[in-house]
Each structure stands twice: as structure tokens, then as C-alpha cells.
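Here's the letter readout for the chains.
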Amino acid sequence: MAEHIPDKPAPEPEADTRDRDETGRARNSRPRDRLGRPLPFGSPGVPRIPDDLLLSPADTLEYAQRLLDDGLAFNAHEVLEAAWKNGPFAERMLWQGLAQYAVGLTHIQRGNPKGARTLLERATHRLAACEPVPYDIDAPGLIAHATAVLAALDAEKPLADGDLRVRLRVR
């Protein structure tokens, strides 16, 4: 008769070492570079945008524009994403489109044309669906800019930093 060998005890689950907020939601407090890529802990990075950022629409657009003007499209995306997640439901498609636009520019800065195409196309569809567009947001100008950027990507033309400069609002 075969001897019964007890099953090996299951290994202890590893402790979850991810950054968490007070409610247990995952957060990432690692520093990031200008393009939003994580850096090793302890490295200097660009200032982070708080996850719970609450600004008026005008202040959100002004802050995001300053970041875009400084070439910080990833940070602009985080500002616009906060408005998308914290704003009124009726405006979520607009803010989501703007956040996707900024992250599409981030993908170009990072050398990822496929990711840029995907996000810029999503952004233009969302912006085109928002009528009327509030807060003097220049949806037609943003869509025209995205169309030109997408054409350059299709033609595999290099894009300079100036080609990624965009105005969020009609002035």
C-alpha cells in the first residue's frame, strides 16, 4: 500500500508592496521623467499631479495649457484626466477626449506612433461628438491639428516639438 504524503502547504502570498492610498486604492508614488515614464525610487523627477486634483474647468484648461506649452503632455493628460474623473457626467466625453489627446502627444514624444495614432483617433472622435463644446475649447482646431499629426505619422515624417504645440482654447 502506498504511503500517503500530505500535500505541500501552499506558499504564503507575498505581501502587496504597491503604493496604496488611505482607501486601499493602488497609487504610484515613483518619480517620473518629463514624458511620464517611471524612474527608480529616490531619483529626481518632475513634480507629480495629485490624483485628487479638483479645479474649475477654466483652471483645468489653463493648467493643462501651461503644461503642454512646457512640453509636459503626460502631466497635462493627468490634469485633464482628473477633470474627466471628477467632473459632471455630461462632460466626461469632452474631458476624456482632451486627456486622450494629451496622452496621444505623450506617445509621440516617447516614440510610439502606434499608441499616438490610437489615442489621437479616439480623442478626435470624442471631441467631434461634443456639441456644443463649452469653455471656449477649440474642438475644430484640435481635430485639425490631430488630423495633420496623423497624416505626418502615416507619411513617417518626423515631428518636431513645435509640431506638437496645440491650443486647447479659442483665444
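Up top is the structure.
Overview of the structure. The numbering scheme is per chain: residues are counted from 1 as the chain's sequence reads. Note on the predicted model: pLDDT of at least 70 is required for a residue's local features to be given, and 80 or more for side-chain atom pairs to be given and counted; whole-chain, interface and lining totals, by contrast, use all residues. Side-chain measures here rest on the full set of heavy atoms in the structure, leaving out hydrogens and waters.

As used here, the term nonpolar core means buried Ala, Val, Leu, Ile, Met, Phe, Trp, Tyr and Cys residues forming a set that is joined through side-chain atoms within 4.5 Å. Exposure classes here rest on a 1.4 Å probe applied to the protein chains alone. A residue is buried below 20% of its type maximum, exposed above 50%, and partly exposed in between. If you look at the biggest cluster of nonpolar residues, it comprises 37 residues, and the most contacted ones within it are L98, Y101, L105, I108 and L142. Strands are runs of DSSP state E lasting at least two residues, helices are runs of H or I lasting at least four, and both sets are numbered from the N terminus onward. Elements represented by at least two residues in this core include exactly α1 (57–69), α2 (73–86), α3 (92–109), α4 (113–129) and α5 (139–154). Element by element, the count of residues in this core is highest for α3, at 8 residues. In this description, contact between two residues means that some pair of their heavy atoms is separated by no more than 4.5 Å. In contact with I108, not counting residues within four places along its chain, are A116, L120, V149, L153, L159 and L164.

What follows covers the packing of aromatic side chains. Ring pairs shown here join Phe, Tyr and Trp side chains whose ring centres sit within 6.5 Å, with only the six-membered ring taken for Trp; geometry is labelled stacked below 30 degrees between planes, edge-to-face above 60, and tilted in between. The tally for this structure, following the rule as stated, stands at 1 aromatic pair. Their ring planes at 35 degrees and their centres at 6.1 Å tell us that W95 and Y135 sit as a pair that is tilted. Placement of the pair is W95 in helix α3 and Y135 in the loop between α4 and α5, with a sequence separation of 40 residues. Any Lys NZ or Arg CZ found within 6 Å of a ring centre and within 35 degrees of that ring's normal is scored as a charge over the ring. The cationic tip of R30 hangs over the ring face of F41; the distance from NZ or CZ to the ring centre is 5.9 Å. Sitting above the plane of the W84 ring, K85 keeps its charged end 5.9 Å from the centroid.

Further remarks concern unusual backbone geometry. With an omega of -10 degrees, the peptide bond between E131 and P132 qualifies as cis. Counting through the fold element by element, P132 comes out in the loop between α4 and α5. We note that Y135 has phi near 60 degrees; this positive angle belongs to a residue other than glycine. Positive phi, close to 60 degrees, is recorded for D136, a residue that is not glycine. In this fold, D136 is placed in the loop between α4 and α5. On the accessibility criterion, D136 (52% relative accessible area) is exposed.

Okay, the packing of α1 against α3 next. Packed helix pairs are specified by the crossing angle of their axes together with the interaxial distance, meaning the distance between the axes. Axis definition: a line fitted to C-alpha atoms, over the contacting stretch in the case of helices. Angles run 0 to 180 degrees between N-to-C directions. Close contact between α1 and α3 brings their axes to 12 Å; oriented N to C, the two are set at 10 degrees. Taken as axis vectors, α1 and α3 run roughly parallel relative to one another. Mapping the contact onto sequence places P57, T60, L61 and L68 in α1 and W95, L98 and L105 in α3. Tallied by class, residues from the contact of α1 with α3 come to 6 nonpolar, 1 polar and no charged. Throughout this description, any angle smaller than 35 degrees is read as roughly parallel, any larger than 145 degrees as roughly antiparallel, any in the 65 to 115 degree range as roughly perpendicular, and the remainder as oblique. The residue classification treats Ala, Val, Leu, Ile, Met, Phe, Trp, Tyr, Cys and Pro as nonpolar and Asp, Glu, Lys and Arg as charged. All others, Gly included, are polar.

An expected span of 1.5 Å times one less than the residue number is assigned to each helix. Across its 18 residues, α3 extends 26 Å between first and last C-alpha, which sits within 8% of the 26 Å expected from 1.5 Å per residue. Most of α3 sits out of view: 15 of its 18 residues are buried. At the C-terminal side of α3, G111 shows a positive phi close to 80 degrees.

Looking now at the packing of α2 against α3. Interhelical geometry of α2 versus α3 gives an angle of 165 degrees and a closest axis separation of 8 Å. In this view, α2 runs roughly antiparallel relative to α3, as classed from their interaxial angle. With respect to the hand of their crossing, α2 and α3 are arranged in left-handed fashion. On the side of α2, the interface is formed by A73, F74, A76, H77, L80, E81, A83, W84 and K85, while α3 contributes R92, W95, Q96, L98, A99, A102, V103, L105, T106 and Q109. Handedness of a helix crossing follows the sense of rotation of the near helix relative to the far helix, less than a right angle counterclockwise being left-handed and clockwise being right-handed.

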